[in-house]
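In case you want the letters, here they are:
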Amino acid sequence: DTAVSQTPKYLVTQMGNDKSIKCEQNLGHDTMYWYKQDSKKFLKIMFSYNNKELIINETVPNRFSPKSPDKAHLNLHINSLELGDSAVYFCASRASGMYQETQYFGPGTRLLVL
Amino acid sequence: AQSVTQLDSQVPVFEEAPVELRCNYSSSVSVYLFWYVQYPNQGLQLLLKYLSGSTLVKGINGFEAEFNKSQTSFHLRKPSVHISDTAEYFCAVSVYNQGGKLIFGQGTELSVKP
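What this report covers is the structure whose coordinates are included nearby.

Definitions and cut-offs
Residues numbered from 1 in each chain as written. Chains lettered and ligands numbered in written order. Predicted model: local features only at pLDDT ≥ 70, side-chain atom pairs only at ≥ 80, totals over all residues. Heavy atoms only, no water. Helix = DSSP H or I, 4+ residues; strand = E, 2+ residues; numbered from the N terminus. Buried < 20%, exposed > 50% of the residue type's maximum accessible area, 1.4 Å probe, protein only. Contact = heavy atoms within 4.5 Å. Core = buried A, V, L, I, M, F, W, Y, C linked by side-chain atoms within 4.5 Å. Buried area = accessible area lost by both parts, 1.4 Å probe. Salt bridge = Lys/Arg side-chain N within 4 Å of Asp/Glu carboxyl O. Polar contact = N/O pair within 3.5 Å; in protein donor to acceptor, adjacent residues only side chain to side chain. Nonpolar A, V, L, I, M, F, W, Y, C, P; charged D, E, K, R; others polar.

### Description of unusual backbone geometry
Residue and element names in this part refer to chain A.
Right, on to step 1. At the junction of Thr7 and Pro8, the peptide bond is cis and its omega measures out at -5 degrees in the coordinates.
Right, on to step 2. Structurally, the position occupied by Pro8 is in the loop between β1 (4-7) and β2 (10-13).
Right, on to step 3. Backbone geometry places Lys41, a non-glycine residue, at a positive phi of 70 degrees.
Right, on to step 4. Tracing the sequence through the fold places Lys41 in the loop between β4 (31-37) and β5 (43-50).
Right, on to step 5. Residue Lys41 is classed as partly exposed on the basis of its relative accessible area, which comes to 37%.
Right, on to step 6. Positive phi is not limited to glycine here, since Lys52 has a value of about 70 degrees.
Right, on to step 7. Relative to the helices and strands, Lys52 resides in the loop between β5 and β6 (53-57).

### Examining the environment of Gly16 of chain A
Right, on to step 1. Relative to the elements of secondary structure, Gly16 of chain A occurs in the loop between β2 and β3 (19-25).
Right, on to step 2. If sequence neighbours within four positions are ignored, Gly16 of chain A has contacts with Ser80 and Leu81 of chain A.

### Let's talk about the nonpolar core
Right, on to step 1. Core analysis: the largest hydrophobic core is formed by 29 residues, its most contacted members being Leu33, Trp35, Leu47, Leu48, Phe74, Leu76 and Tyr89 of chain B.
Right, on to step 2. By residue number, the principal contributor to this core is strand β10 (residues 87-94) of chain B, which donates four residues.
Right, on to step 3. The next biggest cluster of nonpolar side chains, apart from the first, holds 20 residues, and it includes Trp34, Leu76, Leu81 and Leu111 of chain A.

### Side note on the interface of chain A and chain B
Right, on to step 1. Between chain A and chain B, the residue contacts involve 24 residues of the former and 24 residues of the latter.
Right, on to step 2. Between chain A and chain B the total buried area reaches about 1900 Å² when both faces are included, carbon and sulfur atoms providing 57% of it.
Right, on to step 3. One can count two salt bridges joining chain A with chain B.
Right, on to step 4. Lys41 of chain A is the partner of Glu88 of chain B in a salt bridge, and the nearest nitrogen-oxygen pair spans 3.4 Å.
Right, on to step 5. Inspection of the chain A/chain B interface yields eight residue pairs in polar contact (both at pLDDT 80 or more).
Right, on to step 6. Of all the elements in the fold, those that place two or more residues in the side of chain A that touches chain B are β4, β5, β6 and β9 (87-94) of chain A.
Right, on to step 7. The element contributing the most residues to the side of chain A that touches chain B is β4 of chain A, with four residues.
Right, on to step 8. Looking at the side of chain A that touches chain B residue by residue, the class counts come to twelve nonpolar, six polar and six charged.

Written as structure tokens, this is what we have:
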């Protein structure tokens, strides 16, 4: 069973379109994250939710909007896609509590904006 | 603010040779330390982590790392590498009570040659 899954795995779209990426975890974790990996493989956190509440919101354009319908799901909606949004987007989850620091990553969604 | 520097962007090594991937971090508070591995076109997998206790940490696939507080380092080592260890390796830190966000280094590409 996949612990953290993302759909779609690949996404090719035109500039200006709106797209969504979905993430689901079956680990029972309370906290979920979105990270962006750029073309140089640099990873940077974008958002984090804990029990459906936004707790981390890094400097990300307003075109990016996360949504957490329940604690097992964290989706990422991107409006008006730009060329610079091309990247790999990773979802991750983590249990709450002291020393529960390990994050489990999904396989990534490879977004290409043309 | 915290930052992570991986001192080598690429490390080529022959099979069965030892390897060390270097990681230094900067932080004014105590941090948790991690090494993740990313195989081509896959997500990140935790190799090992340091939260507290013994400074020598053993992980999966024969890897180990040593936390050195005075030198603010967390170097990753393996005594004998295999072709299958070819991957991108990321060092990361997180701070307790800051939502668990991971701050990553730039990555080190380990290339194991026969």
